[in-house]
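So the chains spell out like this:
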Amino acid sequence: AWIKVEQLKPYHPHKEEMIKINKGKRFQQAVDAVEEFLRKTKGKDQASSHNSNEEKNRRNSSEERGKQSAGEEKRKASLSEGKLKKGTGEGKKRVSSVSSERGSKSPLKRAQDQSPRKRGRPPKDEKDLTIPESSTVKRVMTGTVAGFKWPPSVSENKSHCPSPECFVFSIQPAVCYQAITKKLKVCEEETGSTSIQAADSTAINGSITPTDKKIGFLGLGLMGSGIVSNLLKMGHTVTVWNRTAEKCDLFIQEGARLGRTPAEVVSTCDITFACVSDPKAAKDGIRPGKCYVDMSTVDADTVTELAQVIVSRGGRFLEAPVSGNQQLSNDGMLVILAAGDRGLYEDCSSCFQAMGKTSFFLGEVGNAAKMMLIVNMVQGSFMATIAEGLTLAQVTGQSQQTLLDILNQGQLASIFLDQKCQNILQGNFKPDFYLKYIQKDLRLAIALGDSVNHPTPMAAAANEVYKRAKALDQSDNDMSAVYRAYIH
């Protein structure tokens, strides 16, 4: 995860304030780790200072012995020269006297007279205090994250503290990099949610170790195809099944095995993922010890009923709907929302890392379904609003392209906004997320609100627009085709 420079704060002045604001267990562990680091660093600095003083004493003693030895040799040479020159006249004696005086100074002493500074360590005010940057940091800074601005190094600061004083990531450049790039395996908050993996896609960098368990996968649609492809790329053993068998051929060529029926896949694999419209289709293959992960977006009641059937037959169950689209699925950048069997969630770690950029564990069965419906409700309502704005611009004589340019320069700028607007402007509604599915999710989200007596008027209005688009035969087009509901 990246941290903006302006959000970095000195550790000691803000310590108490930060602890009061962040009361989570993980945050307290981070504070404890910083304190431990400071104690160790202080001990190292004291040891280093002690060793430095001993080295300085040894240098001074050596230099003194050198001076005495050199002076003794010169005196001997001077006496010898005086004996050889004896009796050669008064002028020669003066020369010998001068030579004797010069001999009283050692070469070391003359060198010290000519130089304003003693040899050895430079003065304290001239020491180079720059902390060298590791080669790893240099490589990263020239790569894909070159635009990220690191905190200034010690040499760039006006004041220098010999011991680390910065909070967590701002201790030293090298330490900062190690802290950021260290893989976040499990990060737990007080809410009970858990996130596996940091914000980069390991499906792209290939740094994961695939599980040795046999993986089954049911459903090779828009999302399933990208997921299976990334599982295979990361070295997983995968058996696939699809209602239209021809779709399996490409993945078999990539190393997948073919399952003749959903029940066969479930019975022969350790963990089976299902990304199908009818998640109950594979329950016949469940037997003790088998694991089933449902990735479809359904309501909480449906997934709870399925979980009860799986568990009653001795199996283990996890719901794991995904947030994203076909392109994110292909890129291994999905967001996985999981709930149910915690042990199974951890067993799926390498699979989730292959197919997504992050995953969240949300507790008991049903929580992931509810969260997924809320996420898609927001997304579907936003898409309807985009379409409404573009059509309003058109009928009032405004440029739709200019509206998109303005939105892309403001706070609403996002990949989703740009891609969906481009679909509309180009009249290209090739499905990336089926319109019929987003309408189904809006309907289920409204029902979820009704079940707890919570109003959802915005979602209800958007749902009516999608229903009209379906009546115009847009069901199998992309959700951005909701635009056509406004122009007909």
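Worth saying up front: this structure is predicted, and the values here are computed from it rather than measured. Per chain, residue numbering runs from 1 following the sequence as it is written. Totals for whole chains, interfaces and linings use all residues, but because this is a predicted model, local features are given only for residues with pLDDT of at least 70 and pairs of side-chain atoms are given and counted only at 80 or more. Note that the side-chain values use all heavy atoms of the structure and ignore hydrogens as well as water.

Asks: Which residues make up the packing of helix α15 (residues 367-395) against helix α18 (residues 435-451), and what values do they have?
Replies: Note on geometry: axes are lines fitted to C-alpha atoms, helical ones only across the stretch in contact, with angles between N-to-C directions running from 0 to 180 degrees. Note on conventions: DSSP H or I runs of at least 4 residues are helices, E runs of at least 2 residues are strands, and numbering of each starts at the N terminus. Contact geometry for α15 and α18: axes closest at 8 Å, N-to-C directions at 120 degrees. Regarding the angle of α15 to α18, the classification is oblique. Crossing geometry of α15 relative to α18 is assigned as left-handed. Contacts from Lys 370, Leu 373, Ile 374, Asn 376, Met 377, Gln 379, Gly 380 and Ser 381 in α15 reach Ile 438, Asp 441, Leu 442, Leu 444, Ala 445 and Leu 448 in α18. Classification used: nonpolar for Ala, Val, Leu, Ile, Met, Phe, Trp, Tyr, Cys and Pro, charged for Asp, Glu, Lys and Arg, polar for all others including Gly. Of the residues contributing to the contact of α15 with α18, the split by class is eight nonpolar, four polar and two charged. Just so you know how the angles are binned, under 35 degrees is roughly parallel, over 145 roughly antiparallel, 65 to 115 roughly perpendicular, and the rest oblique. Left-handed describes a crossing whose near helix is turned anticlockwise from the far helix by less than a right angle; the clockwise case is right-handed. Here, two residues are considered to be in contact whenever any of their heavy atoms come within 4.5 Å of each other.

Asks: Please give an account of the nonpolar core that cites residues and values.
Replies: In plain words, nonpolar cores are sets of buried Ala, Val, Leu, Ile, Met, Phe, Trp, Tyr and Cys residues tied together by side-chain atoms within 4.5 Å. Throughout this description, buried means an accessible area under 20% of the type-specific maximum (1.4 Å probe, protein chains only), exposed means over 50%, and partly exposed covers the range between. Counting residues in hydrophobic clusters, the biggest one holds 35 residues, and the most contacted among them are Phe 217, Leu 231, Phe 273, Val 293, Met 295, Phe 352 and Met 355. Going through the elements one at a time, β3 (215-218), α8 (222-233), β4 (238-241), β6 (271-274), β7 (291-294), β10 (334-340), α13 (342-347) and α14 (349-355) are the ones with two or more residues in this core. The leading source of residues in this core is α8, at five residues. Grouped together as the second largest cluster of nonpolar side chains are 30 residues, Met 383, Phe 433, Val 465 and Ala 481 included.

Asks: Go over the side chain of Asn 376, please, and point to the residues and values.
Replies: In this structure, Asn 376 sits in helix α15. There is a polar contact of 2.7 Å between the side chain of Asn 376 and the side chain of Asp 441. Discounting residues that sit within four places of it in the chain, Asn 376 has contacts with Thr 297, Phe 433, Ile 438 and Asp 441. Whenever two N or O atoms come within 3.5 Å, that pair is a polar contact, provided that in protein one can donate a hydrogen and the other can accept it, and provided that, for residues adjacent in sequence, both atoms are side-chain atoms.

Asks: Can you tell me about α18, naming the residues and giving the values?
Replies: Multiplying 1.5 Å by the residue count of a helix minus one yields the expected span of that helix. Between the first and last C-alpha of α18 there are 25 Å, a value that for 17 residues agrees with the 24 Å anticipated at 1.5 Å per step. When we look at burial in α18, the residues that qualify are Leu 435, Ile 438, Gln 439, Asp 441, Leu 442, Leu 444, Ala 445, Ile 446 and Gly 449. Summarising the contacts, the buried residues of α18 are in contact with α15 and α19 (457-471). Note on α18: the residue one or two positions beyond its end, Asn 453, has a positive phi of about 60 degrees.

Asks: So, the pattern of salt bridges: which residues are in play, and what are the values?
Replies: The term salt bridge refers to a pairing of a side-chain nitrogen on Lys or Arg with a carboxyl oxygen on Asp or Glu at a separation within 4 Å. One pass over the full model with this rule turns up nine salt bridges. Here Lys 420 makes a salt bridge to Asp 478, at a shortest N to O gap of 2.9 Å. You can see Lys 420 sitting in helix α17 (residues 415-426) and its partner Asp 478 sitting in the loop between α19 and α20 (484-487), a full 58 residues away along the chain. An identical accessibility class is assigned to Lys 420 and Asp 478; each is buried. Within the structure, one salt-bridge network assembled from shared partners comprises Arg 316, Asp 341 and Asp 347.

Asks: So what's going on with the pairing of β7? Which residues, and what values?
Replies: Burial along β7 is two-sided: Cys 291 and Val 293 facing one way and Tyr 292 and Asp 294 facing the other are all buried. In the sheet, β6 pairs with β7 via four bridges, with the strands oriented parallel. Across the sheet, Ile 271 pairs through a bridge with Cys 291, a residue of β7. The pairing criterion is simple: DSSP has to find at least two bridges between the two strands. Of the pairings in the sheet, the one linking β7 to strand β8 (residues 316-319) comprises four bridges and is parallel in character. Counted as the bridge partner of Tyr 292 is Phe 317 from β8. By the criterion used throughout, a crossover qualifies as right-handed when its path from the first strand across the helix to the second strand runs clockwise, the strands pointing away from the viewer. This β-α-β element, β7 to helix α11 (residues 300-312) to β8, shows right-handed connectivity.

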